[in-house]
Amino acid sequence: MSNETIDLASKELWDRAKNFYLSMLQSQDERSQIERYLSMVTTVAKENNSFIIYTSNEYAADFLRKNFSEKFKNCLEFASGQKDLRIEFRFDKNAQTAIIMPEIKKVVQKPKPGKVSTFTSTMPLNEEYTFDEFVRGPSNSFALAAAMGAANNPGKSMYNPLFIHGGSGLGKTHLMQAIGNELKKRDPSLAICYLTAEEFLNEYVNYLAIKGLPDFRTKYRSIDVLLLDDVQFFQRGKDIQEEFFNTFNALQQQHKQIVMTSDVAPKDLPSIETRLITRFEGGIVQEIESPSYETRLAILKKKAEGMNPRVPDSVLEFIADNIKSHVRAMEGALSKVSIYLSSFPEIIPNSEILSHLLKDSIEKEKTIRKLTIEEIQNSVSNKYGVNMAQILSSERTQSIVTPRQLAMYIARKYTMKSLPEIAKKFEKTHATILHGVKSIEKRLDVESDLKATLAEILAEFGYKLSDKME
Ligand code: ADP
Ligand code: MG
């Protein structure tokens, strides 16, 4: 088994399972012992139902097999969601000396400038998610400033708790982990805990089953920094909300920094208890919005730095122009192009080639983009010079009825929102919404001005008239 064949998905699964396992160990002795053996793991691979762990010496394979097969099996099943995994430990003859477990090597060998935290985050921080790598733009500058504020004075500033929300793929996880990475760099003794709300729930359930709740509480109430990603997940369960409420209070009383992210603002988390929402809103709530063209281009330039072959500016501009909603999708497009460039180094792809190459991402763009009703209402009010209160009122003046009904029409025809959701946001009945939509539909057939205005508003969101859903 050579290093080139490392299978990244298996490695990630292994890292998660391993971290999960280590995080459950209480005594430092136990941890040191197991870490010593784990440092002899050279690589891992998954073949169908078997998860194979290669070690650099025979004794380690033997020892791990005898003592840990069952425990790792549970953790791997837990991390992969797959049942009936078979675990094998094998001696990797080709890699007697190679060791690719840098995290552990680092911890073991680190010269000690001070105390180094023995806390193992359930999910590892991605070292590339730093403030330096985060491109600042108008869509994220407030969130970035708040994240830096929290990192500068963890636990004690007004940024505690910090709640970052925004659509998927806009950099929430990146920013949150940048706080963790920054704090870890400055003070390696801090116990920094990063995990998703889903993982928090899983761990809670697991502790309930294996070690008991007191241990869970001891663990989560003794950390210094809690980075909890995607808290919208808590909408699923009452018990976990209760448990988190208590964890939250315990940490806050000790002035420990808490950072949370979610896809919507706290107030828009429908099935989360009010007392928890009040807690979430107790510090700073910041939104990350979709990046503008300039920010998209700047992000792409940053991500393309050092790529070989070099990605021409015209290509970056094409991507920034066509993929708007999602930084993650832009990265996907960039790596697709990069593969193309290495396969056809003599061709500079023009827009025709790029359209073809990135067809799927460009198509997806329209369905991914989640226009909110507020965005529509705002944009229409701006266009017509009316205010939000007027849009939501029942005033019958034509100059207000038109923008109100037009906003209803866009919400109904260009988003996936349900009628009840739309009705709620407009503070109207279903019938009023349907009436408004119909009225605009009829007028669009005959009023070209109205149609042009609609096209302009849609264009602001990157839509065309023909993107209408039937
Ligand atoms: P979210 O958690 O909001 O879904 P992520 O933090 O996972 O999004 O970001 C998706 C990808 O986009 C990551 O690879 C991240 O590095 C990148 N990204 C998002 N915003 C920025 C930015 N402003 N600068 C650099 N990279 C960014
Ligand atoms: Mg995320």
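Caption draft 1: Just the pattern of salt bridges, in detail. Counted by the stated rule, this structure contains 16 salt bridges. Between Arg 221 and Glu 243 there is a salt bridge; the shortest N-O distance is 3.4 Å. One end of the pair, Arg 221, is in helix H8 (residues 213-221); the other, Glu 243, is in helix H9 (residues 238-253), and 22 residues separate them in sequence. The exposure class of Arg 221 is partly exposed, given its relative accessible area of 23%. Take Glu 243: its relative accessible area is 2%, and that puts it in the buried class.

Caption draft 2: Quick peek at unusual backbone geometry. Residue Asn 160 is joined to Pro 161 through a cis peptide bond whose omega torsion reads -5°. Topologically, Pro 161 is positioned in the loop between helix H5 (141-152) and strand E4 (162-165). In this model, Asn 308 is joined to Pro 309 through a cis peptide bond whose omega is 0°. Its place among the elements puts Pro 309 in the loop between helix H11 (293-304) and helix H12 (313-322). Phi angles above zero are rare outside glycine, and Glu 427 is one such case at about 55°.

Caption draft 3: Local environment of the site of ligand 1. Close to ligand 1 lie 18 residues; Val 135, Gly 169, Lys 172, Thr 173 and His 174 are nearest. Val 135 places a polar main-chain atom, nitrogen or oxygen, 2.8 Å from a nitrogen atom of ligand 1. Here Lys 172 contributes a side-chain N or O atom positioned 2.8 Å from an oxygen atom of ligand 1. Out of a free accessible area of 560 Å², ligand 1 has 94% covered by protein chains. Elements with a minimum of two residues in the shell around ligand 1: helix H6 (172-186), H11 and helix H13 (327-343). Within the shell around ligand 1, the residues separate by chemical class into six nonpolar, seven polar and five charged.

Caption draft 4: Inspection of a negative patch on the surface at higher detail. A cluster of acidic residues, Glu 128, Asp 132, Glu 133 and Glu 305, forms a negative patch on the protein surface. Among the structural elements, Glu 128 can be located in the loop between helix H4 (102-109) and H5.

Caption draft 5: Up close: the side chain of Gln 257. Mapped onto the fold, Gln 257 is located in strand E7 (residues 257-262). Engagement of the side chain of Gln 257 in a polar contact is seen with the backbone nitrogen of Gly 155, the distance being 2.7 Å. When neighbours within four sequence positions are excluded, Gln 257 is seen to be in contact with Ala 150, Asn 153, Pro 154, Gly 155, Tyr 159, Asn 160, Leu 162, Asp 224, Val 225 and Leu 226.

Caption draft 6: Here's a closer look at the nonpolar core. Counting 56 residues, the largest nonpolar core has Leu 228, Phe 244 and Phe 280 as the members making the most contacts within it. With six residues, H5 is the largest single contributor of residues to this core. What Leu 228 contacts, discounting residues up to four positions off in sequence, is Met 176, Leu 195, Thr 196, Ala 197, Phe 200, Phe 234, Phe 244, Val 259, Met 260 and Thr 261. Counting residues in each nonpolar core, the second largest holds 28 residues, with Met 408, Leu 419, Leu 458 and Tyr 463 among its members.

Scoring rules and cut-offs
- Residues numbered from 1 in each chain as written.
- Chains lettered and ligands numbered in written order.
- Predicted model: local features only at pLDDT ≥ 70, side-chain atom pairs only at ≥ 80, totals over all residues.
- Heavy atoms only, no water.
- Salt bridge = Lys/Arg side-chain N within 4 Å of Asp/Glu carboxyl O.
- Helix = DSSP H or I, 4+ residues; strand = E, 2+ residues; numbered from the N terminus.
- Buried < 20%, exposed > 50% of the residue type's maximum accessible area, 1.4 Å probe, protein only.
- Near = heavy atom within 4 Å.
- Polar contact = N/O pair within 3.5 Å; in protein donor to acceptor, adjacent residues only side chain to side chain.
- Areas by Shrake-Rupley, 256 points an atom, 1.4 Å probe, with all protein chains shown as cover.
- Nonpolar A, V, L, I, M, F, W, Y, C, P; charged D, E, K, R; others polar.
- Patch = residues over 30% accessible without salt bridge, like charges linked within 9 Å, V, L, I, M, F, W, Y side chains within 5 Å.
- Lys, Arg positive; Asp, Glu negative; His and termini not counted.
- Charge placed at Lys NZ, Arg CZ, Asp CG, Glu CD.
- Contact = heavy atoms within 4.5 Å.
- Core = buried A, V, L, I, M, F, W, Y, C linked by side-chain atoms within 4.5 Å.

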